[in-house]
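What follows is the residue order along each chain.
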Amino acid sequence: MRAFLILVIFLIFLSCEKESDYTIVIGNDSKNFEIVKLDPLVSILPSGKDSLDLNSDGTFDIVFIKSPKPATYGYSSETNILIKNGVQVALSKINNYPDTLNMKAVLNDNLNWSTGVSSKLILQSFECGGISGCQGFANFLDVSDKYIGFKTGGKFGWIKVDNNVYELKIKEYTVLK
């Protein structure tokens, strides 16, 4: 009888796992989301923006913004991501900018996540000054096939992008169910 009681308690303990403990691997299918492969790709040029509704509730959760920025000689561009509605983005532990993730990266609560407060985060920018000219910073400088990890409501997903000074391309993303 005692063994049966211990088994029942153990099974109850296992069934109480929180959904936020759920782990997702970028590129793998899951019952918690649908992978949307964009064709044609969403292209955002300087002075442009576009939005994604990550949970199909009719409200845009992420806005990508590509804006011109004066440089030492002429103009260049900056790429930002505006997150809202409780969405969090995976941040680099090195510099606290959105992290460039690769295919098969693991998304779980152990990553460094932004707060759930609406905020504007830098994907790519630059600073100009002195004889060194303009120096780029953040993690999405001239990248191809990199992923932005996000979570909302205890569920994880990703957005696949290419980014350079001229254009941001959104290639695919997950819509949470």
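Structure's up top.
Residues numbered from 1 in each chain as written. Predicted model: local features only at pLDDT ≥ 70, side-chain atom pairs only at ≥ 80, totals over all residues. Heavy atoms only, no water.

J.: Account for the state of the cysteines, naming residues and giving values.
T.: Under the definition given, this model contains 1 disulfide. Across a sulfur-sulfur distance of 1.9 Å, Cys-128 and Cys-134 are joined as a disulfide pair. Here Cys-128 and Cys-134 share a disulfide; its torsion about the S-S bond, 100°, makes the bridge right-handed. Judged by relative accessible area, which is 34%, Cys-128 ranks as partly exposed. Classification of Cys-134 by relative accessible area gives partly exposed; the value is 32%. (Disulfide = S-S within 2.5 Å. Buried < 20%, exposed > 50% of the residue type's maximum accessible area, 1.4 Å probe, protein only.)

J.: Describe the sheet that holds strand 8 (residues 112–113), listing the residues and the values that go with them.
T.: One open sheet accounts for 6 strands, arranged 2-13-12-11-6-8; its pairing is antiparallel. Of all the strands in the sheet, just strand 2 (33–44) and strand 8 have a single pairing partner and so form its edges. Here strand 12 (residues 155–163) pairs with strand 13 (residues 168–176) via 5 bridges, running antiparallel. Bridged to Asn-163 within strand 13 is Leu-168. (Pairing = 2+ DSSP bridges. Helix = DSSP H or I, 4+ residues; strand = E, 2+ residues; numbered from the N terminus.)

J.: Now, about the sheet that holds strand 9 (residues 119–128): what can you tell me, with residues and values included?
T.: Spatially, the 5 strands line up as an open sheet ordered 3-4-5-9-10, and their pairing is antiparallel. Edge positions in the sheet fall to strand 3 (48–52) and strand 10 (134–137), since each of these pairs with one other strand and no more. If you compare each strand with its neighbour and ignore which way they point, the axes differ by 20° on average. Note that strand 4 (residues 62–70) and strand 5 (residues 75–83) share 9 bridges and pair antiparallel. Of the residues in strand 5, the one forming a bridge with Pro-70 is Tyr-75. (Axes fitted to C-alpha atoms, helices over the stretch in contact; angles between N-to-C directions.)

J.: Any chance you could break down unusual backbone geometry for me, citing the residues and the numbers?
T.: Each neighbour pair has its own omega, and for Asp-39 with Pro-40 the value is 10°, a cis peptide bond. Not every positive phi belongs to a glycine, and Asn-96 is a case in point at roughly 65°. Looking at where Asn-96 falls in the secondary structure, it is placed in the loop between strand 6 (88–91) and strand 7 (106–107). Residue classification places Asn-96 among the partly exposed residues on the basis of a relative accessible area of 49%. Phi is positive for Asp-145, which is not a glycine, with a value near 55°. With respect to the helices, strands and loops of the structure, Asp-145 is situated in strand 11 (residues 143–152). Relative accessible area serves as the criterion here: at 35%, Asp-145 is assigned to the partly exposed category.

J.: Pulling in residues and values, what's your account of the nonpolar core?
T.: In terms of nonpolar packing, the biggest core is built from 37 residues, with Ile-62, Phe-64, Ile-81, Ile-148, Ile-159, Ile-170 and Tyr-173 touching the most fellow members. Only strand 2, strand 4, strand 5, strand 6, strand 9, strand 11, strand 12 and strand 13 provide two or more residues apiece to this core. In contact with Ile-159, not counting residues within four places along its chain, are Leu-52, Ile-62, Phe-64, Lys-146, Tyr-147, Ile-148, Phe-150, Ile-170, Glu-172 and Tyr-173. (Core = buried A, V, L, I, M, F, W, Y, C linked by side-chain atoms within 4.5 Å. Contact = heavy atoms within 4.5 Å.)

J.: Now, about the environment of Gly-149: what can you tell me, with residues and values included?
T.: In this structure, Gly-149 sits in strand 11. Distance from Gly-149 to Ala-90, taken between C-alpha atoms, is 5.2 Å for residues 59 residues apart in sequence. Filtering out sequence-adjacent residues up to four positions away, Gly-149 remains in contact with Gln-88, Val-89, Ala-90, Leu-101, Leu-107, Trp-113, Gly-157 and Trp-158.

The values are spatial; any link to function lies outside them.
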